[in-house]
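Overview (structure and organization)
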Amino acid sequence: MGRRLDSTIETPKYDNLFNGIYPPAEPFVVTIRKLETPAVFKRGTALALSGGTAGDKKMVMLGTAAAQNETLTANCVLAEDIEVGTSKDVDAIAYRSGHFNTNCLIAAEGHSISADDKEAFRTVGILLSDAIEI
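What comes next is a walk through the structure. (Residues numbered from 1 in each chain as written. Predicted model: local features only at pLDDT ≥ 70, side-chain atom pairs only at ≥ 80, totals over all residues. Heavy atoms only, no water.)

**Digging into the pairing of strand E9 (residues 126–129)**
Of the two faces of E9, the one lined by Ile126 and Leu128 is fully buried and the one lined by Leu127 and Ser129 carries no buried residue. As paired elements, strand E8 (residues 90–101) and E9 share four bridges and run parallel to each other. Following the sheet pairing, Phe100 is matched in E9 by Leu128. (Buried < 20%, exposed > 50% of the residue type's maximum accessible area, 1.4 Å probe, protein only. Helix = DSSP H or I, 4+ residues; strand = E, 2+ residues; numbered from the N terminus. Pairing = 2+ DSSP bridges.)

Shown next, in the form of structure tokens:
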């Protein structure tokens, strides 16, 4: 028998990631660099763009140690959970703009989102605010 059209399919889950609707969240595809040890990056992971003379223009988790002659700059926020393996880079959906709660973003262990990170996010269209979880 088929599913009833008047039944609840799924209840929305609120993760408190967004702080507001302006600027609007705009998704785009990014390439996340493969890792030495596989890991799952969760929705809300802050991503940094690899630049500099050793940069490869791929994304890594914000707070990752930069290689020699590489600069890692806060750039976008991961939109969906994704598994990152060791054999190849992966494409993922991230937000290039939006208004997010700083305390809900995920960064590398031991890394706190700094004023410089907030400014880098702001220059690409991402606003960060602190909010009390409800």
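**Section: the environment of Ala94**
Relative to the elements of secondary structure, Ala94 occurs in strand E8. Spatially, the C-alpha atom of Ala94 lies 9.1 Å from that of Thr45, the residues being 49 residues apart in sequence. Residues within four places of Ala94 in sequence aside, it is in contact with Glu26, Pro27, Phe28, Val30, Leu47, Cys76, Val77, Leu78 and Ala79. (Contact = heavy atoms within 4.5 Å.)

**Focus on the side chain of Thr45**
Within the element layout of this structure, Thr45 appears in the loop between strand E3 (39–41) and strand E4 (46–51). The class for Thr45 is buried, based on a relative accessible area of 0%. Polar contacts involving the side chain of Thr45 include one to the main-chain carbonyl oxygen of Lys42, which spans 2.6 Å. (Polar contact = N/O pair within 3.5 Å; in protein donor to acceptor, adjacent residues only side chain to side chain.)

**Description of the layout of surface pockets**
There is about 180 Å³ of room inside the largest pocket. Taken together, Ile32, Arg33, Lys34, Leu35, Glu36, Phe41, Met59, Val60, Met61, Thr64 and Ala108 make up the lining of the largest pocket. Element by element, the count of residues in the lining of the largest pocket is highest for strand E5 (residues 59–61), at three residues. Taken together, the residues of the lining of the largest pocket sort by class into seven nonpolar, one polar and three charged. (1 Å grid on protein atoms, 1.4 Å probe; cavity = no way out; pocket = protein on both sides within 12 Å on 5 of 7 lines; lining within 4 Å. Points joined across faces, edges and corners; volume = space filled by probe spheres on them. Nonpolar A, V, L, I, M, F, W, Y, C, P; charged D, E, K, R; others polar.)

**A short note on the pattern of salt bridges**
Counted under the stated rule, the structure contains seven salt bridges. The shortest N-O distance in the salt bridge between Lys42 and Asp81 comes to 3.6 Å. Residue Lys42 is located in the loop between E3 and E4, and its partner Asp81 is located in the loop between strand E6 (71–78) and strand E7 (82–84); the two are separated by 39 residues in the primary sequence. Notably, a salt bridge pairs Arg122 with Glu119, separated by 2.5 Å at the nearest N-O pair. One end of the pair, Arg122, and the other, Glu119, are both in helix H1 (residues 115–123), three residues apart, so they sit about a helical turn from each other. Residue Arg122 is classed as partly exposed on the basis of its relative accessible area of 46%. Owing to a relative accessible area of 37%, Glu119 belongs among the partly exposed residues under this scheme. A network of salt bridges, in which partner residues are shared, links Arg33, Asp56 and Glu70. (Salt bridge = Lys/Arg side-chain N within 4 Å of Asp/Glu carboxyl O.)

**With respect to the nonpolar core**
Of all hydrophobic cores here, the largest spans 17 residues; its most connected members are Leu62, Val77, Phe100, Leu105, Phe121 and Leu128. For this core, the secondary structure elements donating two or more residues are E4, E6, E8, H1 and E9. Counting residues in each nonpolar core, the second largest holds 15 residues, with Met59, Val84, Ala94 and Ala108 among its members. (Core = buried A, V, L, I, M, F, W, Y, C linked by side-chain atoms within 4.5 Å.)

**Considerations on the pairing of E8**
With nine of its 12 residues buried, E8 lies for the most part within the structure. Two strands pair when backbone bridges link them, and strand E1 (residues 18–20) and E8 are joined in this way by two bridges, in the antiparallel orientation. Of the residues in E8, the one forming a bridge with Phe18 is Phe100. Examined bridge by bridge, E6 and E8 share two bridges and lie antiparallel to one another. Bridged to Leu78 within E8 is Ala94.

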